[in-house]
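# Fold and contact review
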Amino acid sequence: TSTSDDEEEEEDPPSPLAEQELKDAVIKLVRLLANLCICAEVGEQVGGGSMGAGMGVLLELGVVCEEGGEDYEELLLNVVAAMTNVTYYACQVRNT
């Protein structure tokens, strides 16, 4: 049989344990981002210059959380917290 570049190898779906570990890691990363953005210097950098990219990722995570239902509630809460912290400094930078 011939293979083409367009064909993708099928991968086994992640196990429930691996999926939970990945979700836990993402929750911790988002929580870390939210906590870092409490610092005025970090918040201004994230909220000022590169806010579009960072907020885009957070918005995408929010959409994934909504589609995932109750299993993603903790992640959604952390995404909202991170967005709140980022937008606070984005508003501060724009008002100065």
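Residues numbered from 1 in each chain as written. Predicted model: local features only at pLDDT ≥ 70, side-chain atom pairs only at ≥ 80, totals over all residues. Heavy atoms only, no water.

### Observations regarding the overall build of the chain
Of regular secondary structure, the chain possesses four helices and zero strands. Secondary structure elements of the chain, listed N to C terminal, follow the sequence α-α-α-α. Within the chain, the proportion of its 96 residues that are buried is 24%. Taking as baseline every contact in the chain between residues at least 6 positions apart, the subset at least 24 positions apart corresponds to 79%. (Helix = DSSP H or I, 4+ residues; strand = E, 2+ residues; numbered from the N terminus. Buried < 20%, exposed > 50% of the residue type's maximum accessible area, 1.4 Å probe, protein only. Contact = heavy atoms within 4.5 Å.)

### Remarks on the pattern of salt bridges
Here the structure, examined in full by the defined rule, presents one salt bridge. Between R31 and E74 there is a salt bridge, with its nearest N and O atoms 2.9 Å apart. Of this pair, R31 sits in helix 1 (residues 16-36) while E74 sits in helix 4 (residues 73-95), and the two are 43 residues apart along the sequence. Look at E74 and you get partly exposed, because its relative accessible area is 43%. (Salt bridge = Lys/Arg side-chain N within 4 Å of Asp/Glu carboxyl O.)

### Observations concerning a negative patch on the surface
Together, E19, E70, D71 and E73 give the surface a local cluster of negative charge. As for its placement among the helices and strands, D71 is situated in the loop between helix 3 (51-68) and helix 4. In this structure D71 comes out as exposed when scored by relative accessible area, which is 57%. (Patch = residues over 30% accessible without salt bridge, like charges linked within 9 Å, V, L, I, M, F, W, Y side chains within 5 Å. Areas by Shrake-Rupley, 256 points an atom, 1.4 Å probe, with all protein chains shown as cover. Lys, Arg positive; Asp, Glu negative; His and termini not counted. Charge placed at Lys NZ, Arg CZ, Asp CG, Glu CD.)

### Observations regarding the nonpolar core
Soluble globular proteins tend to pack their nonpolar side chains together in the buried interior. Within the largest apolar cluster, 14 residues are counted, with the highest numbers of intra-cluster contacts made by V30, L58, L75 and V79. Going through the elements one at a time, helix 1, helix 3 and helix 4 are the ones with two or more residues in this core. Take this core: its biggest share by element is five residues, from helix 4. V79 has contacts with V30, L58, L61 and G62, leaving out every residue within four places of it along the chain. (Core = buried A, V, L, I, M, F, W, Y, C linked by side-chain atoms within 4.5 Å.)

### Considering a nonpolar patch on the surface
On the surface, a cluster of nonpolar side chains totalling about 290 Å² of accessible area is made up of L29, L32 and L36. Positionally, L29 belongs in helix 1. Since its relative accessible area comes to 58%, L29 is described here as exposed.

### Comments concerning the packing of aromatic side chains
One pass over the full model with this rule turns up zero aromatic pairs. If you follow K23 out to its NZ or CZ, it ends over the ring of Y72, 4.9 Å from the centre. (Phe/Tyr/Trp six-rings, centres within 6.5 Å; stacked < 30°, edge-to-face > 60°. Lys NZ or Arg CZ within 6 Å of the ring centre and 35° of its normal.)

### Side note on the side chain of N85
Mapped onto the secondary structure, N85 falls in helix 4. In terms of polar contacts, N85 uses its side chain to reach the backbone carbonyl oxygen of A34, at 2.7 Å. In this structure, N85 is in contact with A34, C37 and I38, ignoring residues within four places of it in sequence. (Polar contact = N/O pair within 3.5 Å; in protein donor to acceptor, adjacent residues only side chain to side chain.)

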